[in-house]
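What the coordinates show
Here is how the chains run, residue by residue.
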Amino acid sequence: MVFKKIITADNTETFLNEEVGESYHSQTGAVEEALNKYAVPCKIKELAKIGSIKILDVCFGMGYNSALAVSIALKENRHCEIEVVGLEYDRNIISKIQEVHPPISFFTHYKKLTPGNLELRLGKVSVKIILGDARKTVKGLPKNYFDAVFFDPFSPKTSPEMWRVSFFGQMHQVMKNSAILATYSCDGTARKNMSKAGLMYDDGPIMGRRGPGTIATKWV
């Protein structure tokens, strides 16, 4: 993989994957996207008040999305118990954690994550990255377990296999009945596939793109 560092509009860093032709975050703002496309629609602050959050970070990348969620949760409730499970295919992007410095308070602890050290624990916060094809590794996760799913693969155009009915069906299995899945894309085929997998979708926030993101919940 060939990576090129770029600075997004909110002055935070990300990388362009030159092989895929896409960046790991919106160029209108990497941290802003983590907040408005994932933490807010998945109601991380509200979950923190309850005292326990389990997050599935699909296509973990450098961990901006989940690191920001942990920061928000701990600010709301410093006693909150938080578990993050990240699914990631490319170990090389994990190494790039050492090369970025986003203004996310908990991200300093993510610096402990490397391709050779895929877990960290700090107080009541645990983070575990599972390397491999997410469509396979998700099968080892417990059912009806996660409160929030941050769904952040490359786009349906470049990675259509990640947006198929079968993979959304696996998301459905690991989500609690009350869970929220959030993604940046509003692709029509992806949304239809969500619906076929038993997920009810709606528009998510608009941020830096012509269309909104998507949020989805289980039909119950």
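Up top is the structure these notes are about.
Rules used in this analysis
- Residues numbered from 1 in each chain as written.
- Predicted model: local features only at pLDDT ≥ 70, side-chain atom pairs only at ≥ 80, totals over all residues.
- Heavy atoms only, no water.
- Pairing = 2+ DSSP bridges.
- Helix = DSSP H or I, 4+ residues; strand = E, 2+ residues; numbered from the N terminus.
- Axes fitted to C-alpha atoms, helices over the stretch in contact; angles between N-to-C directions.
- Salt bridge = Lys/Arg side-chain N within 4 Å of Asp/Glu carboxyl O.
- Buried < 20%, exposed > 50% of the residue type's maximum accessible area, 1.4 Å probe, protein only.
- Core = buried A, V, L, I, M, F, W, Y, C linked by side-chain atoms within 4.5 Å.
- Contact = heavy atoms within 4.5 Å.
- Polar contact = N/O pair within 3.5 Å; in protein donor to acceptor, adjacent residues only side chain to side chain.
- Phe/Tyr/Trp six-rings, centres within 6.5 Å; stacked < 30°, edge-to-face > 60°.
- Lys NZ or Arg CZ within 6 Å of the ring centre and 35° of its normal.

Looking at the sheet that holds strand β8 (residues 146-151)
- Ordered in space as β6-β7-β5-β4-β8-β9-β11-β10, the 8 strands form an open sheet in which the pairing is mixed. The outermost strands of the open sheet, each flanked by one partner alone, are β6 (119-122) and β10 (199-203). Ignoring which end each strand starts from, the neighbouring axes of this sheet average 15° apart.
- In the sheet, β8 pairs with strand β9 (residues 175-183) via 5 bridges, with the strands oriented parallel. Bridge pairing in β9 places A148 opposite I180.

Let's talk about the pattern of salt bridges
- One pass over the full model with this rule turns up 6 salt bridges.
- For E13, the salt bridge goes to K5, with nearest N and O atoms at 3.2 Å.
- Here E13 falls in the buried class, since its relative accessible area comes to 14%.
- For K176, the salt bridge identified is with D147, shortest N-O distance 2.9 Å. Of this pair, K176 sits in strand β9 while D147 sits in strand β8, placing them 29 residues apart in sequence.
- With a relative accessible area of 27%, K176 lands in the partly exposed category.

Topic: the sheet that holds strand β3 (residues 22-23)
- Taken in spatial order, the 3 strands line up as β1-β2-β3 in an open sheet, and their pairing is antiparallel. The outermost strands of the open sheet, each flanked by one partner alone, are β1 (3-7) and β3.
- As paired strands, β1 and strand β2 (residues 13-17) are joined by 5 bridges and run antiparallel to one another. The residue bridging K4 from the neighbouring strand is L16, located in β2.

A look at the nonpolar core
- Counting 71 residues, the largest nonpolar core has I44, L56, Y110, L141, F151 and M171 as its most contacted members.
- In terms of residue count, the dominant contributor to this core is helix α3 (residues 64-76) (7 residues).

Some words on the environment of P115
- Along the chain, P115 turns up in the loop between α5 (107-110) and β6.
- Separated by 23 residues in the primary sequence, P115 and V138 place their C-alpha atoms 19 Å from one another.
- If near-sequence neighbours (up to four positions away) are discounted, P115 is found in contact with R91, I94 and S95.

A look at the environment of K5
- As for its position among the elements, K5 is in strand β1.
- In the structure, K5 is positioned 146 residues away from F151 in sequence and 22 Å away in space, judged by C-alpha atoms.
- Every residue in contact with K5, bar those within four places of it in the chain, is listed here: E13, T14, F15 and E99.
- Within the local environment of K5, its side chain forms a polar contact with the backbone oxygen of E99, the two atoms lying 2.6 Å apart.

Here's the deal with the packing of aromatic side chains
- Across all of its chains, the model carries 14 aromatic pairs by this definition.
- Relative to F107, the ring of Y64 has its centre 5.6 Å away and its plane inclined at 90°; by these criteria the two rings are edge-to-face. With Y64 in helix α3 and F107 in helix α5, this pair connects stretches of sequence that are 43 residues apart.
- Here a set of aromatic residues connected by ring pairs shows up, and it is made of F60, Y64, F106, F107 and Y110.
- Directly above the aromatic system of Y145 lies the positively charged group of K54, at a separation of 5.2 Å from the ring centroid.

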